[in-house]
Amino acid sequence: VGGTDRLGGLCGKNNSYGTISNSYATGAVVCDDYLGGLCGLNNRHSEILNCYATGAVVGDDYLGGLCGENDHSTIANCYATGRVTGSNWAKGGFCGENDGGSVAGCFWDTQASHTGTSDGGTPKTTALMQTHSTFTDAGWDFVLEAANGQMDYWYMPPGDYPKLWWQYPLPQDTDFSGAVDLPDLRKLCEEHLIKAGDLPN
């Protein structure tokens, strides 16, 4: 993505009670000001929920791995891993500037972003960003756990960052182990027997 300002890998400006949820962006964003790996400007009581960005962000001011500026709005349960490069000020691995907004349960990879600063979010190493408990301890709702809710927004591939549940490539992998194996076959057989038992004789 390239242009002048207020650009993001997914959305340039999320404005006036807008909501971005269960989404991600991977493309690089190169411009001047108000740039984010996902959203350039989250503004006027808007929300970004359960999202992530991995693309590089390159510009001047108000740069963030996920959001350039969060202005009186909310970002929750999101992360960023992209490298952030800026020539001036207000840049961060997660958010360039958080102006009167809320950033809760969010993280950025300090090694991948090449920056240890952000106006909002919690810094983590790559190893911790690929650790399940980093996110469940912050209240993220994953598959195969009930403590943080039943919506199952996220899953954790082995040796990788969290992904959104709808990205999962193997629907038969019921235990999210990364392979369709005997436990999955066992569950499939159990479900088949239960359904068969409900059929009339």
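Calculation criteria
Residues numbered from 1 in each chain as written. Predicted model: local features only at pLDDT ≥ 70, side-chain atom pairs only at ≥ 80, totals over all residues. Heavy atoms only, no water. Pairing = 2+ DSSP bridges. Helix = DSSP H or I, 4+ residues; strand = E, 2+ residues; numbered from the N terminus. Phe/Tyr/Trp six-rings, centres within 6.5 Å; stacked < 30°, edge-to-face > 60°.

Draft legend 1. Region of the structure containing the sheet that holds strand β4 (residues 29-30). Across the sheet, three strands lie side by side as β4-β8-β13; this open sheet has parallel pairing. Only two strands of the sheet have a single neighbouring strand rather than two, namely β4 and β13 (84-86). Where β4 and strand β8 (residues 57-59) come together, two bridges link them in parallel fashion. Within β8, the position partnered with V30 by the bridge is V58.

Draft legend 2. Region of interest: the pairing of strand β9 (residues 61-64). For strand β5 (residues 33-36) and β9, the ladder comprises three bridges, and the chain directions are parallel. Paired with G36 across the strands is G64, a residue of β9. Note that β9 and strand β14 (residues 91-92) share two bridges and pair parallel. Looking at the pairing, L63 lines up with K91 of β14.

Draft legend 3. A look at the sheet that holds strand β1 (residues 5-8). One open sheet accounts for four strands, arranged β1-β5-β9-β14; its pairing is parallel. Each end of this open sheet is capped by a strand with a single partner; those strands are β1 and β14.

Draft legend 4. Highlighting the packing of aromatic side chains. Inspection of every chain in the model, using the stated rule, returns 16 aromatic pairs. Ring centres of Y155 and Y168 lie 4.4 Å apart, and the angle between their planes is 90°; this geometry places the pair in the edge-to-face category. Here the residue Y155 occupies a position in strand β19 (residues 154-155), and Y168 occupies one in the loop between β20 (163-164) and α4 (182-198), the gap between them amounting to 13 residues. Pairwise contacts between aromatic rings join Y24, Y52, Y79, F107, F135, W140, F142, W154, Y161 and W166 into one cluster.

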